[in-house]
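# Summary of structural features
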Amino acid sequence: MQNYSEDLLILSPLLFLLNCGFHICFSSSKKSVILFKMEKLEKRKSSMVVNVIGMGYIGLPTALMMASHGVNVIGTDYNKDLVHGLQTGGKVFEEHGLSDLFAEAVEKGIQFSDRYQKADIYIVSVPTPYLKKSRKIDPKYVVSACKSVLEICGDGAILVVESTISPGTIDHCVRPLVGERNIHLAHAPERIIPGNMLHELINNSRTIGADDPETAETVKSLYSSFCKGEIVITDIRTAEMSKVVENTFRDINIAFANELTKICHEAGMDVYEVIRIANRHPRVNILNPGPGVGGHCISVDPWFLVGDFPNMTPLIHSARNVNDSMPEYVYKRISEIMEEKGIRDFSRVGLYGLTYKEDVDDTRESPTLQLIDVLRHKTTDHFPVVYDPFIKKDMVQNQVHSLTDFLEKTDFVVIMVGHSEIKNDPESLKGKIILDTRNMISLDGVYKL
Ligand SMILES: NC(=O)c1ccc[n+]([C@@H]2O[C@H](COP(=O)([O-])OP(=O)(O)OC[C@H]3O[C@@H](n4cnc5c(N)ncnc54)[C@H](O)[C@@H]3O)[C@@H](O)[C@H]2O)c1
């Protein structure tokens, strides 16, 4: 491990001022000293040890990306099977380009362990669910990971929480664990989208919240090893809030599109045509409606604000409820179509897609799983056939594992997820009754939301 304090003491305040938009004039001799120091800092960066905690959808690609760009990285997860899989080169989840990146990172020396390691910088990327009753963040994974980091790290280490957390979480849950120790805290939330993670890791702009310019600059220099986007520096609470706000903004706008869908259906109108025309207004950009919102981000993070500010969040709360009502609305649409077509039971009805979005294998908070819950409560007769090309293991009743099998067993197909498999081959659905909740099939007679 290296001691950067001397260089950082000189450089960081300058870089901080530059980041904040100040213009600084240097004499040419001072300029060359600063450039020399910056080069030295760059060189030392390559000997930093980084321990990324949590080898999931976010931690793993981040660790691989850093390692493939020359950072000395150890990826830690307390799931021993997962770590064993990584050590033996097994695939953890489906993501475009991940296998190649994995190979590159292994070649550059990334290591995996179920133990926390001595390091200069720790990046905590563990789950942050919400508590169903209070709607507040459940910080137990973050707290436990930070406790384990603090048991092993030396003085001067930097502890970066990358997980999405509600504003104030570091102050309330992490800072007290640190106490008087010389440990620097930072928050570097992630905004990549599954399905395009690697491109977005490199090109997205990102935010770093820290207590002091030195920590901010060191963390920034680590992320700049691979990130080409702008890296904005702020304080920790602002970084926490801005990340949660981004996902809340998306949730509210999706809810508006979903509410419009219900209105247009009731009024006998085509919502997609309405949105297409309205979006020609230069300052209108209505999002796509859908069967619900899933995943570990948009359907979770707005609750943090509702939980913490219950009397000030009627809009956010209501948007969450609208999006959560969509699987039930899909059930209503299925029932209407079944009645219209004289279909009496679900034995030849098929649900296409189990994941929460297209071309990924993540089923967390998936609208299809929510719809299946609705069906379980409402139907006593046959259960629909379910298929998803990305889900190899049996997750639900009546699940099949090939498109051919699925099509043979169904007359009425409900498209819940727009996987490329079906998007690129709509003809395979010819002759079926289709409810397309993603507005991607343009065959005649297709029902929409
Ligand atoms: N998935 C996304 O699209 C996405 C996007 C942006 C931000 N985020 C945020 O990133 C964070 C991580 O999400 P994710 O989707 O990667 O979660 P994940 O469930 O895929 O991965 C988390 C990993 O952490 C491990 N873990 C949990 N507690 C641990 C501990 N104490 N010590 C060691 N390992 C531990 C788990 O075994 C798991 O492998 C969350 O806060 C999430 O909101 C996720």
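Residues numbered from 1 in each chain as written. Predicted model: local features only at pLDDT ≥ 70, side-chain atom pairs only at ≥ 80, totals over all residues.

This next bit is on the overall build of the protein chain. Along the backbone of the protein chain there are 17 helices and 14 strands. Burial analysis of the protein chain (449 residues in total) assigns 41% to the buried set. Counting contacts in the protein chain only where the partners sit at least 6 residues apart, residues at least 24 apart contribute 71% of the total. (Helix = DSSP H or I, 4+ residues; strand = E, 2+ residues; numbered from the N terminus. Buried ≥ 20, exposed ≤ 12 C-beta atoms within 10 Å, placed from the backbone. Contact = placed C-beta atoms within 7 Å.)

In this structure, V50, Y122, V124, V160 and V219 are the most contacted members of the largest nonpolar core, which totals 70 residues. Both domain 1 (5-243) and domain 2 (265-448) contribute no fewer than three residues apiece to this core. Other than its neighbours up to four places away in sequence, Y122 contacts N51, I53, V149, C153, A157, L159 and V160. Core analysis: the next-biggest nonpolar cluster, separate from the first, contains 28 residues, Y331, L371, V386 and I433 among them. (Core = buried A, V, L, I, M, F, W, Y, C linked by C-beta atoms within 7 Å. Domains from an automatic or database assignment.)

Quick look at helix α3 (residues 59-68) now. Count 3.6 residues to each turn of an α-helix, and residues three or four apart come out pointing the same way. When you tally the buried positions in α3, you get 10 out of 10 residues, the bulk of the element. Of the residues making up α3, those classed as buried are G59, L60, P61, T62, A63, L64, M65, M66, A67 and S68. Tucked inside the fold, the buried residues of α3 contact β1 (49-53), β2 (72-76), α5 (98-107), β4 (121-124) and α8 (197-203). In the segment just after α3, G70 is the residue with positive phi, at about 90 degrees.

Read across the sheet, six strands follow the order β11-β10-β9-β12-β13-β14 without closing on themselves; strand pairing throughout is parallel. At either margin of the open sheet sits one strand with a lone partner, and together these are β11 (399-400) and β14 (447-448). Both strand β9 (residues 349-352) and strand β10 (residues 385-387) contribute to a ladder of three bridges, which runs parallel. Its bridge partner lying in β10, Y352 is registered against Y387. With respect to the sheet, helix α14 (residues 326-341) is in contact with β9, β12 (412-415), β13 (433-436) and β14, its orientation differing from that of β13 by roughly 160 degrees. (Pairing = 2+ DSSP bridges. Axes fitted to C-alpha atoms, helices over the stretch in contact; angles between N-to-C directions.)

Moving on, we get to unusual backbone geometry. Backbone geometry places D359, a non-glycine residue, at a positive phi of 55 degrees. On the secondary structure map, D359 appears in the loop between β9 and α15 (367-378). On the basis of neighbour count, D359 is assigned to the partly exposed category, with 19 C-beta atoms found within 10 Å.

Within the secondary structure, V271 is located in helix α11 (residues 271-278). C-alpha of V271 to C-alpha of A257: the two residues are 14 residues apart in sequence and 8.6 Å apart in space. Discounting residues that sit within four places of it in the chain, V271 has contacts with L260, T261, C264 and P289.

Let us now look at the environment of E230. Within the secondary structure layout, E230 lies in the loop between α9 (213-223) and β8 (231-234). For E230 and N204, which are 26 residues apart along the polypeptide, the C-alpha to C-alpha distance reads 7.5 Å.

Along any regular strand the residues' side chains alternate between the sheet's two faces. Residue alternation in strand β5 (residues 158-161) divides its side chains into two sets, I158 and V160 and L159 and V161, and both sets are buried. As defined by bridge partners, β4 adjoins β5 across four bridges and the pair is classed as parallel. In the strand pairing of β5, I123 is matched with V160. Here β5 runs beside strand β6 (residues 184-187); their pairing, made up of four bridges, is parallel. Its bridge partner lying in β6, V161 is registered against H187. On the question of chirality, the crossover connecting β5 to the parallel β6 by way of helix α7 (residues 169-178) is right-handed. (Right-handed = clockwise from strand over helix to strand, strands pointing away.)

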